[in-house]
Structures are given as C-alpha cells and as structure tokens.
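In case you want the letters, here they are:
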Amino acid sequence: AEYIGIPPEDPKKGGSHRGRGGSKRSSEKADPAEHLDFLPWDELSAAYWCLVKRPIVPAAILAVGGRLAIYRHDYKVIALPIHGEKLLDAAPVGWCIYNITGHNLPKWSKNNSTGDDGKSFTEWVKVKMTYGSQPGVIGNVDRLADPACNEAWKLEGPTDVLAMLSLPDLPDTVAVLTNANGAKERPSPWVIDLFRGRRACVCHDADKPGQDGAIGWTDDRGEQRPGWATAIATTATDCRNVLLPYEINDEANRDMRDFLNGVVA
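Position numbers for residues count from 1 along each chain, tracking the sequence in the order it is written. Only residues with pLDDT of at least 70 get local features here, since the model is predicted, and only at 80 or more are side-chain atom pairs given and counted; chain-wide, interface and lining totals rely on the full set of residues. Hydrogens and water molecules were not included; the side-chain quantities draw on all heavy atoms of the structure.

Asks: Mind showing me how you'd approach unusual backbone geometry here?
Replies: Negative phi characterises most residues that are not glycine, and trans characterises most peptide bonds. Note the cis peptide between arginine 54 and proline 55, where omega equals 5°. In this description a helix means any DSSP run of H or I spanning at least four residues, a strand means any run of E spanning at least two, and both kinds are numbered starting from the N terminus. In this fold, proline 55 is placed in the loop between helix H1 (43-52) and helix H2 (58-63). Look at histidine 73: it is not a glycine, yet its phi comes out positive at around 65°. Along the chain, histidine 73 turns up in the loop between strand E4 (67-71) and strand E5 (75-82). For every residue, the accessible area obtained with a 1.4 Å probe (protein chains only) is divided by the maximum for its type, and the residue is called buried under 20%, exposed over 50%, and partly exposed between those limits. By relative accessible area, which is 67% here, histidine 73 ends up exposed. Of note in the backbone geometry, leucine 87 takes a positive phi value of approximately 50° without being a glycine. Inspection of the secondary structure assignment puts leucine 87 in the loop between E5 and strand E6 (94-99). On the accessibility criterion, leucine 87 (15% relative accessible area) is buried.

Written out as structure tokens, the structure is:
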C-alpha cells in the first residue's frame, strides 16, 4: 500500500486487535519501546554479545544507535533502532532486539492461550522486532546527512551491518544499511532515495531468497517483484549486486558475517 500510495487503513474502521490488557488498539499506534526498559551503556555486556556474534565489536552497536535494555522484565537485550523516513529527526519507528546471551527470544502472540506464567508466545526466535515496530532501516544513518558520504551498502540483516561496521579500515564516507523486514520486502521509495547520487552495493545472503530479494523474482501469481539492487539502480550513480564467494543454495546460507569471519565455501 505504501509503495503505490494507498493510505493505511483507519484502525477505528477495522484492522485493530486487542492488546494484552484487552482493549482494542492498532499495532501502528503502539509504542515499539513499550516493553523495553533501557539501561546505561555497559561495554562488558555488549562485548559478551559480540563474542557470540563475531566479528562484531561494541563500537559498531553504538554506530547504529544501539542500546542495552531489558525486554518484558526478563531478557537483557541488544536493541537496535529502526529508523523511518525522517531518520534521526524523529524517534525510532521500531526496535530490533537480540538476546544478549545469544539464545532465542519469545515471539509473543495474542492468539495463543496464556500459560501458567501469565504470558503467551508462538515460538522462540533468534531476532525479533518489538510489537508496534514499523518498516524502516537499520544502520549508521547519520552518515547519510554528510555530503562526503559517496558510497552506501545495502545488506540483508542487522548483524551483517554490524559486522561490516566493525571493520577497522571502513572509510568514514561509507554508509551501511539494511531494511527491517527481510530480503524480499518491497523497496520503499523513500529508502531507495537514500542512495541517490551515491555509489551503491547490494550484498545479500548466498541463498535463493536473498538473491531474489536483491535482483527481483516472479511471485506465485506470475507478477514480477522488484529487487533491491534493481530499485536502487534507479537513484544511485552506480549500483552493483555483490555476490559472496559461496554457492547459491535454495535455503538459508552463508552471509556477510560469515565472509568477514573468514568462513570458506
């Protein structure tokens, strides 16, 4: 709807759901930070998570505005802000969170029966967006306001972004971004415009979903869906789809973090 200019549905006319307290509200109106209690920055805690997510370093978390938080009073997490169209001129439109221990987090669902602990969830996931989060980008978006930023990379996932930003020799003129909703999310015009006038590189995972998301694919209805590289090429001075040195598999496969860790095919 956003891509073709259709305004979102009015939650007062339908499409709303019941929150944990039983009252109706739209996820678009929910505060994505509602279940996050932010903590002072702790380098040791961040470094512990980075050991699990090599080669990420704590400075890379700070570079994207990441914070430490307690999620739902139980889980200490790394919280990465998701920025909307106004980028740093507005509050984050969402938060992408990781369990600081490297273990999974519960994905909550209003449709599941409540357990003995008073909570309900669908499954355990390695990364999740908080309830109320909206589509946007994660990365060192502050670089985009600098006229000297002449190159931007679009990667597939947040940990890939952090891994690349951990490179000690990454030039200050490079921005590194990912979209919050996966490789095959339809590219939003405002995100594509972030690459305008810059050299651009798209580097997705070495698997079919990642490459479909990069260069486009034909969906089940026979319609051609746009890829990120083809869309970014409409605004960038030059755009290349960078292939990692791994065989392209049908299922989830190697990614940028694997490559920077020196994983061989």
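Asks: Where do I start with the side chain of serine 45 in this structure?
Replies: Among the secondary structure elements, serine 45 is positioned in helix H1. Contacts are assigned to residue pairs with any non-hydrogen atoms lying within 4.5 Å of each other. Not counting residues within four places of it along the chain, the set of residues in contact with serine 45 comprises Leu68, Lys76 and Ile100.

Asks: Even after reading the chapter, I still don't get the packing of aromatic side chains, so can you show me in this structure?
Replies: Any pair of aromatic rings gets described here by the distance separating the centres and the angle formed by the planes. Geometry of aromatic contacts follows a simple scheme: Phe, Tyr and Trp rings, the Trp one being its six-membered ring, pair when their centres are within 6.5 Å, and the pair is stacked under 30 degrees between planes, edge-to-face over 60, tilted otherwise. Under the definition given, this model contains three aromatic pairs. The ring of tryptophan 228 carries the charged tip of lysine 154 above its face, separated from the ring centre by 4.7 Å. Criterion for a charge above a ring: Lys NZ or Arg CZ within 6 Å of the ring centre, and within 35 degrees of the ring normal.

Asks: What's the story with a nonpolar patch on the surface in this structure? I'm lost.
Replies: A patch consists of residues whose relative accessible area exceeds 30% and which take part in no salt bridge; residues with like charges are grouped when within 9 Å of each other, and nonpolar side chains (Val, Leu, Ile, Met, Phe, Trp, Tyr) when within 5 Å. Each accessible area is a Shrake-Rupley result for a 1.4 Å probe, and residues are judged covered by the shown protein chains and nothing else. For salt bridges, the criterion is a side-chain nitrogen of Lys or Arg within 4 Å of an Asp or Glu carboxyl oxygen. Where nonpolar side chains cluster on the molecular surface, the patch consists of Tyr48, Leu51 and Val52 and spans about 290 Å² of accessible area. Position of tyrosine 48 among the secondary structure elements: in helix H1. Its relative accessible area of 46% is what places tyrosine 48 among the partly exposed residues.

Asks: Please explain the sheet that holds E6 as it appears in this structure.
Replies: Paired through their backbone hydrogen bonds, the strands of a sheet run either parallel or antiparallel. Judged by pairing direction, the sheet is antiparallel, and its five strands sit side by side in the order E3-E4-E5-E6-E9 without closing on themselves. Taken across any chain shown, the strands that pair with only one partner, and hence form the sheet edges, are strand E3 (36-39) and strand E9 (128-129). A strand pair is defined by DSSP finding two or more bridges across the two strands. Pairing of E5 with E6 involves six bridges; the strand directions are antiparallel. Across the sheet, valine 77 pairs through a bridge with asparagine 99, a residue of E6. Between N-to-C directions, angles span 0 to 180 degrees; the directions come from axes that are lines fitted to C-alpha atoms, helices contributing only their stretch in contact. Along the sheet face, H1 touches E4, E5 and E6 and points at about 85° away from the line of E5.

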